[in-house]
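# Breakdown of the fold
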Amino acid sequence: QVQLVESGGGLAQSGGSLNLSCAASGIALNAAIYKMGWYRQAPGKQREFVADVQTNGDANYRDSVKGRFTISRDTPKNRVYLQMHNLKPDDTAVYYCSVEGIIANDILYNDDYWGRGTKVTVSS
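All values derive from a computational prediction rather than experimental measurement. (Residues numbered from 1 in each chain as written. Predicted model: local features only at pLDDT ≥ 70, side-chain atom pairs only at ≥ 80, totals over all residues. Heavy atoms only, no water.)

## Structural notes on the overall build of the protein chain
Scanning the protein chain from N- to C-terminus turns up 0 helices and 11 strands. Ordering the α and β elements of the protein chain from the N terminus gives β-β-β-β-β-β-β-β-β-β-β. A globule of 124 residues ought to have a C-alpha radius of gyration of about 14 Å, and the protein chain, at 14 Å, matches this closely. If one aligns the C-alpha atoms of the protein chain with their principal axes, the spans along those axes are about 50 × 25 × 25 Å. (Helix = DSSP H or I, 4+ residues; strand = E, 2+ residues; numbered from the N terminus. Rg over C-alpha atoms; globule rule 2.2 N^0.38 Å.)

## Points about unusual backbone geometry
Of note, the phi angle at Asn86 is positive, near 50 degrees, even though the residue is not glycine. For Asn86, the location among the structural elements is in the loop between β8 (79-84) and β9 (93-104).

## Notes on the nonpolar core
Counting residues in each nonpolar core, the largest one holds 31 residues, and the members touching the most others are Trp38, Val50, Phe69, Val80, Leu82, Met84 and Tyr95. Of all elements in the fold, only β3 (18-25), β4 (31-41), β5 (48-54), β7 (69-74), β8, β9 and β11 (118-123) reach the threshold of two or more residues within this core. Element by element, the count of residues in this core is highest for β9, at 6 residues. Leave out the neighbours within four places in its chain, and Tyr95 touches Glu6, Leu20, Trp38, Tyr39, Arg40, Val50, Phe69, Leu82, Met84, Gly117, Thr118 and Val120. (Core = buried A, V, L, I, M, F, W, Y, C linked by side-chain atoms within 4.5 Å. Buried < 20%, exposed > 50% of the residue type's maximum accessible area, 1.4 Å probe, protein only. Contact = heavy atoms within 4.5 Å.)

## Quick word on the packing of aromatic side chains
This model, assessed by the stated rule, comprises 2 aromatic pairs. Their ring planes at 75 degrees and their centres at 5.6 Å tell us that Tyr39 and Phe49 sit as a pair that is edge-to-face. Taken together, the positions of Tyr39 in strand β4 and Phe49 in strand β5 put the pair 10 residues apart, joining distant regions of the chain. Consider the rings of Tyr39 and Trp114, whose centres lie 4.9 Å apart with planes at 70 degrees: the pair is edge-to-face. With Tyr39 in strand β4 and Trp114 in strand β10 (residues 107-114), this pair connects stretches of sequence that are 75 residues apart. We classify Tyr39 as buried; its relative accessible area is 17%. On the accessibility criterion, Trp114 (40% relative accessible area) is partly exposed. A connected cluster of aromatic rings, assembled from ring pairs, spans Tyr39, Phe49 and Trp114. Positioned above the aromatic ring of Tyr96 is the side chain of Arg47, whose terminal nitrogen or guanidinium carbon lies 3.7 Å from the ring centre. (Phe/Tyr/Trp six-rings, centres within 6.5 Å; stacked < 30°, edge-to-face > 60°. Lys NZ or Arg CZ within 6 Å of the ring centre and 35° of its normal.)

Right, here's the structure in full:
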């Protein structure tokens with residue numbers, strides 16, 4: 001069973017930085033994760049996309065974090081990272097790691113998984 005565990009959340013001041021990490025386990029040896037990413041959910045709001053990165057390294061970001069956040073992944077270790085700089089109070093949310101798609105035997109399976117989240121609080 002695939003499990004995702006996030007770490008690195010916490011409290012930061014406006015303009016500060018935090019680094020998030022996520023480790024995926026339970027991936028079969030002959031399989032690979034297609035896309036890993038980060039979503040966030042602020043209190044009273046819907047979950048929203050933050051960034052993701054594909055197996056080939058192509059990354060996407062929501063507009064409000066471009067230039068401030070950097071996503072990266074360690075594909076062999078099934079890990080994904082999110083470096084967050086110049087944090088703003090609006091970045092306050094629970095951040096969730098995501099896995100979208102598993103590739104096995106050259107077939108993409110639309111299996112999605114979520115972590116339990118790590119809380120990020122940015123004070124003004």
